[in-house]
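One-letter residues, chain by chain:
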Amino acid sequence: MFPKNAWYVACTPDEIASKPLGRQICGEKIVFYRGAEGKVAAVEDFCPHRGAPLSLGFVRDGQLVCGYHGLEMGCDGKPVSMPGQRVRGFPCIRSFAVVERYGFIWIWPGEKELADPALIHHLEWADNPEWAYGGGLYHINCDYRLMIDNLMDLTHETYVHASSIGQKEIDEAPVNTRVEGEQVITSRYMENIMAPPFWRMALRGNGLADDVPVDRWQVCRFTPPSHVMIEVGVAHAGHGGYEAPAQHKASSIVVDFITPETETSHWYFWGMARHFRPDDQELTATIRDGQGKIFGEDREMLELQQANLLKYPERRLLALNIDAGGVQSRKILDKWLARDVGAGKAAAA
Amino acid sequence: MFPKNAWYVACTPDEIASKPLGRQICGEKIVFYRGAEGKVAAVEDFCPHRGAPLSLGFVRDGQLVCGYHGLEMGCDGKPVSMPGQRVRGFPCIRSFAVVERYGFIWIWPGEKELADPALIHHLEWADNPEWAYGGGLYHINCDYRLMIDNLMDLTHETYVHASSIGQKEIDEAPVNTRVEGEQVITSRYMENIMAPPFWRMALRGNGLADDVPVDRWQVCRFTPPSHVMIEVGVAHAGHGGYEAPAQHKASSIVVDFITPETETSHWYFWGMARHFRPDDQELTATIRDGQGKIFGEDREMLELQQANLLKYPERRLLALNIDAGGVQSRKILDKWLARDVGAGKAAAA
Amino acid sequence: MFPKNAWYVACTPDEIASKPLGRQICGEKIVFYRGAEGKVAAVEDFCPHRGAPLSLGFVRDGQLVCGYHGLEMGCDGKPVSMPGQRVRGFPCIRSFAVVERYGFIWIWPGEKELADPALIHHLEWADNPEWAYGGGLYHINCDYRLMIDNLMDLTHETYVHASSIGQKEIDEAPVNTRVEGEQVITSRYMENIMAPPFWRMALRGNGLADDVPVDRWQVCRFTPPSHVMIEVGVAHAGHGGYEAPAQHKASSIVVDFITPETETSHWYFWGMARHFRPDDQELTATIRDGQGKIFGEDREMLELQQANLLKYPERRLLALNIDAGGVQSRKILDKWLARDVGAGKAAAA
């Protein structure tokens, strides 16, 4: 249950730097590679000759070459040539709209003619020298929507991430949920508390004292199909919190791109964009390590939650106030799913 | 095909000493933990909030706390509290009758109101300072009844355990099978033979010569649902065998608790209770090591036997005289299974 | 979709040298062992007593003994004896026609009475002191027919084996396919080219210069059910190529026995029979190592091709001129499959 007419993050440039990458996205087996002039391309990972995965092949003069018998595949899914063969009558494979932007490769797994690059989620911090970004990729065996739920309700930090970003005060602070168009926002503000270990590290990283009370905030923004950007940070208490001037705070955006692989697995691109000391690469590495450990803690929980849901498919779960972010996000997803059905009918007609 | 209205061994106290334990028993996912005043409790391993496994949580002030969002679950399956929530209307989960006795945690996976602790299998050697016990746990991928068959026909020792407890004379000795109420007993007596390596070790462990002829016995007792206690031992020949005074023999009880996980897998709690040198912990360790190796030999055989039976489900197996122990045990199990059906009807009415 | 009334290679003698071997072939679980007088025997890997795999047993005085409870099984599938039992009335299991020849054990998984050893594929080089043979065995997760396709179209060498036996000239040389009775032959001849690394090694191994132009040939011969023998070699250019006298060439036969395990997996016995320096065991080892690496390259391609075909079962593949060898081979296989159906009907009548 994932919308296909939508932009998802497919991979990062380093994954296609030396050879094609085969990856299943929204149920489609796709090969990603750099074609002519280094432009990213994506076609089905299925050679029409014998069904070999094209991702085992290589790129020659900007053309993807099948590694089994040498069929050259165009980035439009039309075979270009094959040694000793006329390829005119060969069947084509699907090609996908794909765009490189903001340091990611974006894919539109649905109908190509509907793919408008202007619809790609805007990342205001990307390509901005005042910001730094570091992140990673996890493969997680659960429905991508469980990850959305997870990120739209940070109450879990108190429990799942008790030793890093969790603290009792999260639990105790009221959560506010609102919907703005197709954006869902959950937010929490905590005042005059002590920062947990991860944020003490970030304060020190920004040259700030880590042993004084802080104001802390978490503002989670879901946008369809499955992006969750979370403004997080701490400011020395009494300087305005979220609104405090830069010299009093350490603030970042937790970046989550959640790309379905199958109905019960997804690719989780996680990272952090920070608005302080952008040139400090050591700090970037330290934050990435810390974040990698934290997001590894979610994995066990989510995969076992998925196993439980598969074992007891008839059980209804609760939708509490803390779950409102996930609930509202799914309502928007349902609209997008319905729109997919409409697009399918239009295409068929 | 396992009776659910029955007491099974679920785990040992060390398995729940530091944190909750999630374990599937008779098809039910269950979390075991120590609740108020250290009393053992067991509820479904499924948080009614979002389906997370409660076994990933922790115990705080005697209450099980979900490790995802902090729901406190009562040992009766009723949610007790949750930060920022009123839990009155929350759905409950199943709780299970569970008893700690004889150094094991016992579970009744069926209807709780039928669970009478007086029905727990009595272990006369437990909590008795004249006896020592050591054992372990294996997860085995086969129907628990194949393990019962295995233990009620020790002919297999000659073949599966040729280098430790097996010897040709087992094969050659007649086996006697009888049913006493709901107990099935198979027995074998061998006179004036040389002891195999495991028993020579045990003789030495008891300060007895290991190079003289012995009388050897094996008395297997099945009681439902799946306990097999085996009196085993050797005595220097001519002193009365099974009835010989303590100073002439090394005797023990092989303890087997066989707890179904699914239709084709089970938890195998194996061990040995011995009636000599109970304070010799080194001897306990030596015996446990020896037994662990021996029972590891059964595993490959039983798992591949199960694979064969799944591949050829239509084939009827033989029921020879040596198989009478298993056959009679299954007859009693069939009665218990029928009783389960009756209990289900009564509960429904 | 594999013919069962056919001779397949089951294993090599070293695999049954010290104990019985359990192996699934054409969907049948079979145990192979040396019975009376060292004669190879094959029966179902299923003890009629309790369904244990007989391959966990041992051979005693030429009889296969079940390793669970000691049933002695005859090589005709009739139980011979069992300690303390009369086995007359025991059910029998299937026995299979099996022949040791040419350094391989051959199995006829179909109806035993149709198994004529004269039908075993003749290997003219086996048991011939002028030839040497070295080979190995891979388990491959794909339909055995994908491996036949692979070997009947060596175009793939250019791509899959680019660093060893592949070269651009293969791709460019026309391929010829012909059918002679039930044999399919594809051939390619390349003149006045430089030898690729594997063949330069072979030239040196035969005491020939490796830096001069050569003529190269590849003649693939499929015979049902799934044998592919490939005459391969290089001769110093201008000496007659395939017909060149022995002192000018290095030539071999690539030996491929492809034995179905299930519909989507097979046992791949690969090797090389060479007609030069037969006594040079170091050369045999060098060639085997090289070949082992090369055939390992096919595995990833074939297994991922199989995964693609399972995911898109409705897609039709292309049958180009280079695929004619595989296409014709499948036509002959279809005849054999139809013959199997006929044999089944005759047996039923």
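Computed from a prediction, not measured in an experiment: that's the story for all the values here. (Residues numbered from 1 in each chain as written. Chains lettered and ligands numbered in written order. Predicted model: local features only at pLDDT ≥ 70, side-chain atom pairs only at ≥ 80, totals over all residues. Heavy atoms only, no water.)

## Considering the overall build of chain A
Inference 1: Secondary structure summary: chain A contains 6 helices and 17 strands in total.
Inference 2: Taking the principal axes of the C-alpha coordinates as reference, chain A spans close to 75 × 50 × 35 Å.
Inference 3: Residue burial in chain A is summarised as follows: out of 349 residues, 60% are buried.
Inference 4: In chain A, the share of contacts with a sequence separation of at least 24, taken over all contacts with a separation of at least 6, comes to 60%.
Inference 5: When the accessible surface of chain A is totalled, it reaches about 14200 Å², and 51% of it is carbon and sulfur.
Inference 6: When the 36 basic and 46 acidic side-chain charges of chain A are each reduced to a single mean position, those positions are 6 Å apart. (Helix = DSSP H or I, 4+ residues; strand = E, 2+ residues; numbered from the N terminus. Buried < 20%, exposed > 50% of the residue type's maximum accessible area, 1.4 Å probe, protein only. Contact = heavy atoms within 4.5 Å. Areas by Shrake-Rupley, 256 points an atom, 1.4 Å probe, with all protein chains shown as cover. Lys, Arg positive; Asp, Glu negative; His and termini not counted. Charge placed at Lys NZ, Arg CZ, Asp CG, Glu CD.)

## Observations concerning the interface of chain C and chain B
Inference 1: Listed per partner, the contact involves 27 residues of chain C and 28 residues of chain B.
Inference 2: For the pair chain C and chain B, the two sides together bury roughly 2400 Å², of which 56% comes from carbon and sulfur.
Inference 3: Sorting the residues of chain C by area buried against chain B places Phe46, Arg50 and Tyr68 of chain C first, and these three jointly supply 32% of that buried surface.
Inference 4: On the surface where chain C and chain B come into contact, there are 2 salt bridges. (Buried area = accessible area lost by both parts, 1.4 Å probe. Salt bridge = Lys/Arg side-chain N within 4 Å of Asp/Glu carboxyl O.)

## Some words on the relation of the copies chain C and chain B
Inference 1: For the pair chain C and chain B, the relating rotation is 120°, the translation along its axis is 0.2 Å, and the fit reaches an RMSD of 0.1 Å. Interpreted geometrically, this transformation is the action of a three-fold axis. (Least-squares fit on C-alpha atoms with pLDDT ≥ 70 in both.)

## As for the confidence of the model for chain A
Inference 1: Confidence in the prediction of chain A, expressed as mean pLDDT, is 95, and 100% of residues score 70 or more.
Inference 2: On the interface metric, ipTM, the complex scores 0.93, and its pTM is 0.94. (pLDDT = per-residue confidence, 0-100.)

## Concerning the pattern of salt bridges
Inference 1: This structure, assessed with the given rule, holds 48 salt bridges over all chains.
Inference 2: Linking Glu180 of chain A and Arg178 of chain A is a salt bridge whose minimum nitrogen-to-oxygen distance equals 2.8 Å.
Inference 3: Looking at Glu180 of chain A, the relative accessible area reads 40%, which means it is partly exposed.
Inference 4: One salt bridge in this structure joins Glu28 of chain C and Arg94 of chain C, with 3.2 Å as the shortest N-O distance. Taken together, the residues Glu28 of chain C in strand 3 (residues 28-34) and Arg94 of chain C in the loop between strand 8 (79-81) and strand 9 (97-101) connect sequence positions 66 residues apart.
Inference 5: Judged by relative accessible area, Glu28 of chain C falls into the buried class, the value being 12%.
Inference 6: Of the residues examined, Arg94 of chain C reaches a relative accessible area of 30% and is grouped as partly exposed.
Inference 7: What you see here is one network of salt bridges that share partners, running through Lys4, Glu28 and Arg94 of chain A.

## Some remarks on the sheet that holds strand 4 (residues 40-44) of chain B
Residue and element names in this part refer to chain B.
Inference 1: Strand order in the open sheet made by the 3 strands is 2-3-4, with antiparallel pairing throughout. At either margin of the open sheet sits one strand with a lone partner, and together these are strand 2 (21-25) and strand 4. Across this sheet, the average inter-strand angle for adjacent strands is 35°, counted without regard to direction.
Inference 2: Sheet topology places strand 3 (residues 28-34) next to strand 4; 5 bridges connect them, and they run antiparallel. Across the sheet, the residue bridging to Phe32 is Ala42, located in strand 4. (Pairing = 2+ DSSP bridges. Axes fitted to C-alpha atoms, helices over the stretch in contact; angles between N-to-C directions.)

## Here's the deal with unusual backbone geometry
Inference 1: Of note, the amide linkage connecting Pro224 of chain A to Pro225 of chain A takes the cis form, showing an omega dihedral of 5°.
Inference 2: By secondary structure assignment, the location of Pro225 of chain A is in the loop between strand 14 (214-223) and strand 15 (227-236).
Inference 3: A positive phi angle, close to 50°, is found at Asp61 of chain A, a residue other than glycine.
Inference 4: Within the secondary structure layout, Asp61 of chain A lies in the loop between strand 5 (58-60) and strand 6 (63-65).
Inference 5: One non-glycine residue, Glu37 of chain B, lies in the positive phi region at around 55°.

## Remarks on the interface of chain B and chain A
Inference 1: The partner chain A presents 28 residues to the 27 residues of chain B that form the contact.
Inference 2: Here chain B packs against chain A, burying approximately 2400 Å² in sum over the two surfaces, 56% of which is carbon and sulfur.
Inference 3: Taken as a group, Phe46, Arg50 and Tyr68 of chain B account for 33% of the area that chain B buries against chain A, more than any other trio of residues on that side.
Inference 4: Joining chain B to chain A, the criterion identifies 2 salt bridges.
Inference 5: Taking the shortest distance from any N to any O, the salt bridge between Arg50 of chain B and Asp149 of chain A comes out at 2.9 Å.
Inference 6: Counting across the interface, chain B meets chain A through 14 residue pairs in polar contact (both at pLDDT 80 or more). (Polar contact = N/O pair within 3.5 Å; in protein donor to acceptor, adjacent residues only side chain to side chain.)

## Describing the environment of Val59 of chain C
Inference 1: Position of Val59 of chain C relative to the elements: it lies in strand 5 (residues 58-60).
Inference 2: On the basis of relative accessible area, Val59 of chain C is assigned to the partly exposed category, the value being 34%.

## Re the sheet that holds strand 9 of chain C
Residues and elements named next belong to chain C.
Inference 1: Strand order in the open sheet made by the 3 strands is 1-10-9, with antiparallel pairing throughout. Both outer strands of the open sheet, strand 1 (8-11) and strand 9, are each paired with one neighbouring strand and no more. Ignoring which end each strand starts from, the neighbouring axes of this sheet average 40° apart.
Inference 2: Bridge count for strand 9 against strand 10 (residues 104-108) is 5 bridges, and the pairing is antiparallel. Bridging across to strand 10, Val99 finds its partner in Trp106.

## Concerning the UniProt feature "domain: Rieske" (unreviewed entry) in chain A
Inference 1: With numbering aligned to this structure, UniProt lists the feature "domain: Rieske" (unreviewed entry) at residues 7-107 of chain A.
Inference 2: Across residues 7-107 of chain A, the secondary structure splits into 0% helix and 41% strand, with the terminal C-alpha atoms separated by 5 Å. (UniProt positions renumbered as here; feature names shortened; annotations may be inferred.)

## Some points on the side chain of Asp45 of chain C
Inference 1: The topology assignment puts Asp45 of chain C in the loop between strand 4 (40-44) and strand 5.
Inference 2: From its side chain, Asp45 of chain C meets the backbone nitrogen of Ser55 of chain C in a polar contact 2.7 Å long.
Inference 3: Among residues more than four places away in sequence, those in contact with Asp45 of chain C are Asn308 of chain B together with Gly22, Lys29, Ile30, Val31, Ala52, Pro53, Leu54 and Ser55 of chain C.

## Details of the side chain of Thr259 of chain A
All names here are of chain A.
Inference 1: Among the structural elements, Thr259 can be located in strand 16 (residues 249-262).
Inference 2: Thr259 sits in the buried class, given a relative accessible area of 1%.
Inference 3: Within the structure, Thr259 has its side chain in polar contact with the backbone oxygen of Val9 (distance 2.6 Å).

## Quick look at the packing of aromatic side chains
Residues and elements named next belong to chain A.
Inference 1: Inspection of every chain in the model, using the stated rule, returns 41 aromatic pairs over all chains.
Inference 2: With a centroid separation of 5.2 Å and 75° between ring planes, the pair formed by Trp106 and Phe257 is classed as edge-to-face. Taken as a pair, Trp106 in strand 10 (residues 104-108) and Phe257 in strand 16 lie far apart in primary sequence, 151 residues in all.
Inference 3: Exposure remark for Phe257: the relative accessible area of 0% places this residue in the buried category. (Phe/Tyr/Trp six-rings, centres within 6.5 Å; stacked < 30°, edge-to-face > 60°.)

## Considering the pairing of strand 17 (residues 265-274) of chain B
Residue and element names in this part refer to chain B.
Inference 1: With 10 of its 10 residues buried, strand 17 lies for the most part within the structure.
Inference 2: Here strand 17 shows two buried faces, one formed by Ser265, Trp267, Phe269, Gly271 and Ala273 and the other by His266, Tyr268, Trp270, Met272 and Arg274.
Inference 3: Relative to strand 17, strand 16 (residues 249-262) runs antiparallel, the two being bridged by 10 bridges. Looking across to strand 17, one finds that Ser252 is bridged to Arg274.

## Observations regarding helix 1 (residues 144-152) of chain A
Inference 1: Judged by how many residues are buried, helix 1 of chain A sits mostly within the fold: 9 of 9 residues are covered.
Inference 2: Where helix 1 of chain A begins, the capping side chain belongs to Asp143 of chain A, and its oxygen is found 2.9 Å from the backbone nitrogen of Arg145 of chain A.

## Some details on the packing of helix 1 (residues 144-152) of chain B against helix 5 (residues 281-311) of chain B
Residue and element names in this part refer to chain B.
Inference 1: Packing of helix 1 against helix 5 brings their axes to within 10 Å, and their N-to-C directions diverge by 130°. Considering the angle they form, helix 1 stands oblique to helix 5. Between helix 1 and helix 5 the crossing geometry is right-handed. In contact with Leu146, Met147 and Asn150 of helix 1, helix 5 contributes Asp298, Leu302, Gln305, Gln306 and Leu309. (Parallel < 35°, antiparallel > 145°, perpendicular 65-115°, else oblique. Left-handed = near helix turned anticlockwise from the far one by under 90°.)

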